[in-house]
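Descriptive structure summary
Each chain is listed here by its residues.
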Number of protein chains: 2
Amino acid sequence: MIARCDDTRLVPKLTGRQPGCPVCPAFEHGLCEVAREGTWRSSDFLPNLVPQAEFTVRARRLIVHQQDFRDSVPIICSGWAATVELLPDGRRQVLSFLLPGDIVSAGLLFAPKPRRVVEAITEVRYRKYKRDELKKLLCKRPELLERLLKDWLAETTRADHLIVDLGRRSGEERIARLILGLVERLSQRDMVEDNPIAFEFPLRQRQIADAIGMTQVHVSKVFSDLRRNGLVRFRERILTILDLVALRRLASMG
Amino acid sequence: MIARCDDTRLVPKLTGRQPGCPVCPAFEHGLCEVAREGTWRSSDFLPNLVPQAEFTVRARRLIVHQQDFRDSVPIICSGWAATVELLPDGRRQVLSFLLPGDIVSAGLLFAPKPRRVVEAITEVRYRKYKRDELKKLLCKRPELLERLLKDWLAETTRADHLIVDLGRRSGEERIARLILGLVERLSQRDMVEDNPIAFEFPLRQRQIADAIGMTQVHVSKVFSDLRRNGLVRFRERILTILDLVALRRLASMG
DNA sequence: CGCTTCATTGATCAATCTCAACTCGCGTGG
DNA sequence: CCACGCGAGTTGAGATTGATCAATGAAGCG
């Protein structure tokens with residue numbers, strides 16, 4: 001049984017540990033626990049680090065508007081989101097997909113970015129931290145800073161891969177790589193079933209297209225080919241990988 | 001008179017401040033001065049931070065080979081270089097161009113990257129720092145860490161722009177933006193003449209192509225158009241911008 | 001229900017690639 | 001000194017990939 005984003009069993013009450021939390025950097029950092037258990041109040045070096053209450057937004061809505069980055073940094077608790085850069089003429093480019101536990105761009109801790117928006121793909125729960133307070137905390141706790149930099153490095157690495165994909169790979173290759181990249185990240189979060197490999201795949205073709213620099217129509221065609229050739233199956237928002245070997249070959253990932 | 005990369009007046013002896021230095025992060029950080037003036041020896045928190053002697057490589061040679069990132073971080077003292085990712089089948093993608101004063105990827109401080117190479121575009125002088133020692137130093141001197149993170153942020157921002165360019169802009173747009181982006185960075189280094197805007201442009205069309213995801217042949221054609229339409233002039237490796245307004249319009253940069 | 005978004009498919013078009021030929025400048029070795 | 005080869009750039013013809021346009025059906029949602 002595959003976990004659905006809208007599965008009510010996965011959207012428990014605010015109290016207690018929530019499903020994304022065990023893999024959430026904020027959780028690992030102890031930020032959540034701190035906030036939840038109230039230790040921050042008694043701690044002298046955490047005077048104000050309370051995440052604003054958890055927010056929920058519905059699919060297709062914006063989590064962060066262009067100016068909202070100014071002073072807070074969101075962390076995804078559950079659901080999928082996308083970091084999108086908007087051009088004045090309406091073109092869009094997805095810079096990254098955000099999964100449960102992802103901080104919305106570690107680099108954002110140091111400065112806001114214009115023209116950028118985070119939009120919910122599924123229903124998304126998230127928390128926000130005040131930039132200043134988070135920064136102050138990081139100065140006090142180098143082990144947290146270290147972890148955050150590691151997250152940032154991973155983010156940078158994914159961005160570099162995307163550059164190579166966009167610059168030098170064909171549409172088919174890019175789609176295959178997108179799928180495999182997501183499988184990998186979802187696996188770390190225990191959101192993939194093995195044997196056969198299957199997972200919920202809430203992306204619309206439009207979002208895929210904006211992520212890999214193609215049109216929605218062309219995404220549809222390439223995707224159909226993958227299905228026709230028996231590499232994947234896609235039904236009811238569940239993507240199943242039927243021929244991993246062929247898919248990896250397509251992606252030139254061995 | 002425009003500074004040429006191979007101008008001997010710009011390649012003075014190792015002693016004293018060198019041309020790229022005033023804008024070099026290492027210089028600003030005091031790393032160079034420290035090394036040169038020997039203060040690091042007497043300082044208790046800088047036991048071993050000596051940059052290895054300055055290296056020089058000729059154009060088209062590699063500064064960093066695939067494994068060389070393992071334990072040292074290079075900083076460009078003079079000349080242009082490129083960070084290149086190589087695919088097994090020979091395709092290449094330039095991730096960034098490096099100018100005097102650039103650290104070869106701030107993220108590299110925390111982990112090496114495979115498949116990546118830094119190649120000299122012009123003759124390049126550079127220094128290397130030991131990763132461990134540099135890291136240790138940064139822990140001791142938060143103001144240096146702060147600057148480094150700012151550099152990293154700028155790098156990340158450029159990478160994001162490149163993603164948008166590759167995913168969503170036409171060849172003409174990409175070339176115009178590449179030129180304007182370089183003008184901006186070169187200006188900060190006082191390597192651009194105003195009125196008319198002109199600067200040495202040592203990139204080969206192959207390198208441009210690998211940076212913006214096109215073929216060399218097509219770069220040649222687009223570039224020819226720019227010249228034919230009077231937007232730029234290119235003679236003896238000097239690029240002159242004749243119609244900045246039109247170029248910015250092409251780049252949709254206002 | 002009725003409407004909007006999403007996906008599929010086919011026809012045509014445009015951007016870009018591939019291949020190929022040719023030029024030019026430069027350095028090298030005979 | 002010259003022939004030669006090599007890397008770089010230009011140009012044209014034709015092939016390909018992916019975009020655009022359009023029509024239709026299916027699915028999600030108030």
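Residues numbered from 1 in each chain as written. Chains lettered and ligands numbered in written order. Predicted model: local features only at pLDDT ≥ 70, side-chain atom pairs only at ≥ 80, totals over all residues. Heavy atoms only, no water.

1. Side note on the interface of chain A and chain B
Tallying the contact residues gives 35 residues for chain A and 35 residues for chain B. Counting the surface chain A buries against chain B, the share from its top three residues, Trp152(A), Ile163(A) and Arg168(A), is 24%. For the pair chain A and chain B, the number of links is eight salt bridges. Residues Lys113(B) and Asp160(A) are paired through a salt bridge, measuring 3.7 Å at the closest nitrogen-oxygen approach. Applying the counting criterion to the chain A and chain B interface returns 18 residue pairs in polar contact (both at pLDDT 80 or more). Put simply, the parts of the chain that give the side of chain A that touches chain B at least two residues each are β5 (92-98), α5 (142-168) and α7 (205-212) of chain A. The class makeup of the residues in the side of chain A that touches chain B is 15 nonpolar, eight polar and 12 charged. (Contact = heavy atoms within 4.5 Å. Buried area = accessible area lost by both parts, 1.4 Å probe. Salt bridge = Lys/Arg side-chain N within 4 Å of Asp/Glu carboxyl O. Polar contact = N/O pair within 3.5 Å; in protein donor to acceptor, adjacent residues only side chain to side chain. Helix = DSSP H or I, 4+ residues; strand = E, 2+ residues; numbered from the N terminus. Nonpolar A, V, L, I, M, F, W, Y, C, P; charged D, E, K, R; others polar.)

2. Description of the domain arrangement of chain A
All names here are of chain A. The assigned domain composition of chain A is domain 1 (3-159) and domain 2 (170-250). Taken residue by residue, the interface counts 18 residues in domain 1 and 19 residues in domain 2. Taken together, the links from domain 1 to domain 2 amount to three salt bridges. Where arginine 189 meets aspartate 102, a salt bridge forms, and the shortest distance between an N and an O atom there is 2.6 Å. (Domains from an automatic or database assignment.)

3. What about the sheet that holds strand β9 (residues 232-235) of chain A?
All names here are of chain A. Judged by pairing direction, the sheet is antiparallel, and its three strands sit side by side in the order β8-β10-β9 without closing on themselves. What marks the edges here is a single partner per strand, and that holds for β8 (197-200) and β9. Within this sheet the neighbouring strands show an average axis-to-axis angle of 15 degrees, counted without direction. Pairing geometry for β9 and strand β10 (residues 238-241), over four bridges, is antiparallel. Its bridge partner being in β10, arginine 233 is matched across the sheet by threonine 240. Against the sheet, helix α8 (residues 216-228) contacts β9 and β10, and its axis sits at roughly 115 degrees relative to β9. (Pairing = 2+ DSSP bridges. Axes fitted to C-alpha atoms, helices over the stretch in contact; angles between N-to-C directions.)

4. Points about the environment of Gln207(A)
All names here are of chain A. Mapped onto the secondary structure, glutamine 207 falls in helix α7. Along the chain, glutamine 207 and valine 94 lie 113 residues apart, while their C-alpha atoms are 7.4 Å from each other. Beyond its immediate sequence surroundings of up to four residues, glutamine 207 is in contact with Arg60, Val94, Phe97, Glu119, Ile121 and Pro202. One polar contact links the side chain of glutamine 207 to the main-chain amide nitrogen of arginine 204, over a distance of 2.9 Å.

5. Focus: the protein's contact with DNA strand D
Around DNA strand D, 18 residues are found, and the nearest of them are Gly171(A), Gln205(B), Gln216(B), Ser220(B) and Arg227(B). Atoms of DNA strand D within 4 Å of the protein: sugar and phosphate make up 72%, bases the balance. Within the contact set of DNA strand D, a phosphate oxygen lies 2.9 Å away from a backbone nitrogen or oxygen of Gly171(A). Contacts to DNA strand D include Ser220(B), whose side-chain N or O atom sits 3.0 Å from a phosphate oxygen. For the surface near DNA strand D, the secondary structure elements donating two or more residues are α8 of chain A together with α8 (216-228) of chain B. Residues of the surface near DNA strand D, tallied by class, amount to three nonpolar, nine polar and six charged. (Near = heavy atom within 4 Å.)

6. Describing α8(B)
Residue and element names in this part refer to chain B. Counted at 1.5 Å a residue, the expected span for α8 with its 13 residues is 18 Å, and the 18 Å between its end C-alpha atoms agrees. Considered for burial, the residues of α8 that qualify are Val219, Val222, Phe223 and Leu226. End-on view of α8: buried residues confined to an arc of 100 degrees, all on one side of the axis. In α8, the exposed positions angled more than 90 degrees off the buried face are occupied by Lys221 and Arg228. As for α8, its buried residues are in contact with α6 (171-188), α7 (205-212), β9 (232-235), β10 (238-241) and α9 (244-250). Once α8 finishes, glycine 230 follows within two positions and takes phi at roughly 75 degrees, a positive value. (Expected span 1.5 Å × (residues − 1). Buried < 20%, exposed > 50% of the residue type's maximum accessible area, 1.4 Å probe, protein only. Arc of directions from axis to C-beta.)

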